[in-house]
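Observations on the model geometry
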Amino acid sequence: MGGKVQRLTRFDERLGRLITIHRTRFGLSQKDLAAALDCSFQQVQKYEAATNRMSVSRLHALCEFLQIPPGQFLEEADAPYTHDPRVTKIIMNLYKLSPERVAVIASLTDALVAAKKIPMDELM
């Protein structure tokens, strides 16, 4: 039963993490997402754990279901990633904000990076 061995990459791992983030953002269980993608919840588990690769057609179905343009989803998957629960919490909170508030936060973080170090008393 020889088959082609899949070599999963960091991209696959990041894609799996994004699936988890977006699924939980919408309050969906793995079973809910599986029903929407016409697959088993075990398959969703494998995508999220990056033990199986997702086909392009299934990725397209995922993006349609979540109403996220595939290009945007792939840009997120290609973004630098660190497994830091604080960063994940910030990202999850950003998804809950209006576009106007996200723009304000983006400006703030741009300013913080540009200034390298701003005393905390100036931020408050």
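Reading the values: rules and limits
Residues numbered from 1 in each chain as written. Predicted model: local features only at pLDDT ≥ 70, side-chain atom pairs only at ≥ 80, totals over all residues. Heavy atoms only, no water. Helix = DSSP H or I, 4+ residues; strand = E, 2+ residues; numbered from the N terminus. Expected span 1.5 Å × (residues − 1). Salt bridge = Lys/Arg side-chain N within 4 Å of Asp/Glu carboxyl O. Buried < 20%, exposed > 50% of the residue type's maximum accessible area, 1.4 Å probe, protein only. Core = buried A, V, L, I, M, F, W, Y, C linked by side-chain atoms within 4.5 Å. Contact = heavy atoms within 4.5 Å. Axes fitted to C-alpha atoms, helices over the stretch in contact; angles between N-to-C directions. Parallel < 35°, antiparallel > 145°, perpendicular 65-115°, else oblique. Left-handed = near helix turned anticlockwise from the far one by under 90°. Nonpolar A, V, L, I, M, F, W, Y, C, P; charged D, E, K, R; others polar.

Here we take up helix α7 (residues 99–115). End to end, α7 covers 24 Å across 17 residues, agreeing with the expected 24 Å (1.5 Å per residue, within 8%). Just past α7, the residue lysine 116 takes up positive phi, approximately 65°.

Moving on to the pattern of salt bridges. Scanning all chains against the criterion turns up two salt bridges. With its nearest N and O atoms 3.0 Å apart, the salt bridge here joins aspartate 12 to arginine 53. With aspartate 12 in helix α1 (residues 10–25) and arginine 53 in the loop between α3 (41–49) and α4 (56–66), this pair connects stretches of sequence that are 41 residues apart. Taking relative accessible area as the criterion, arginine 53 reaches 38% and is therefore assigned partly exposed.

Glancing now at unusual backbone geometry. Here the phi dihedral of alanine 50 falls at roughly 60°; this positive angle occurs in a residue that is not glycine. With respect to the helices and strands, the residue alanine 50 is situated in the loop between α3 and α4. For alanine 50, a relative accessible area of 10% corresponds to the buried category. Phi at glutamine 67 is positive, roughly 60°, even though this residue is not glycine. Looking at where glutamine 67 falls in the secondary structure, it is placed in the loop between α4 and α5 (70–78). Overall, the relative accessible area of 72% leaves glutamine 67 in the exposed class.

What follows deals with the nonpolar core. The biggest cluster of nonpolar side chains holds 18 residues, and the ones touching the most others in it are Ile19, Met54, Leu59, Leu62 and Phe73. Where this core is concerned, the elements lending two or more residues are α1, α2 (30–37), α3, α4 and α5. In terms of residue count, the dominant contributor to this core is α4 (four residues). In this structure, methionine 54 is in contact with Ile19, Leu37, Tyr47, Leu59 and Leu62, ignoring residues within four places of it in sequence.

Glancing now at the side chain of arginine 23. Inspection of the secondary structure assignment puts arginine 23 in helix α1. Once residues within four sequence positions are removed from consideration, arginine 23 is found in contact with Leu28, Ser29, Gln30, Leu33 and Glu48.

Packing of α2 against α4 brings their axes to within 9 Å, and their N-to-C directions diverge by 115°. By the angle class used here, α2 and α4 are roughly perpendicular. α2 and α4 meet at a crossing whose hand is right-handed. Between α2 and α4, the residues in contact are Leu33, Ala36 and Leu37 and Arg58, Ala61, Leu62 and Phe65, respectively. Broken down by class, the residue content of the contact of α2 with α4 amounts to six nonpolar, no polar and one charged.

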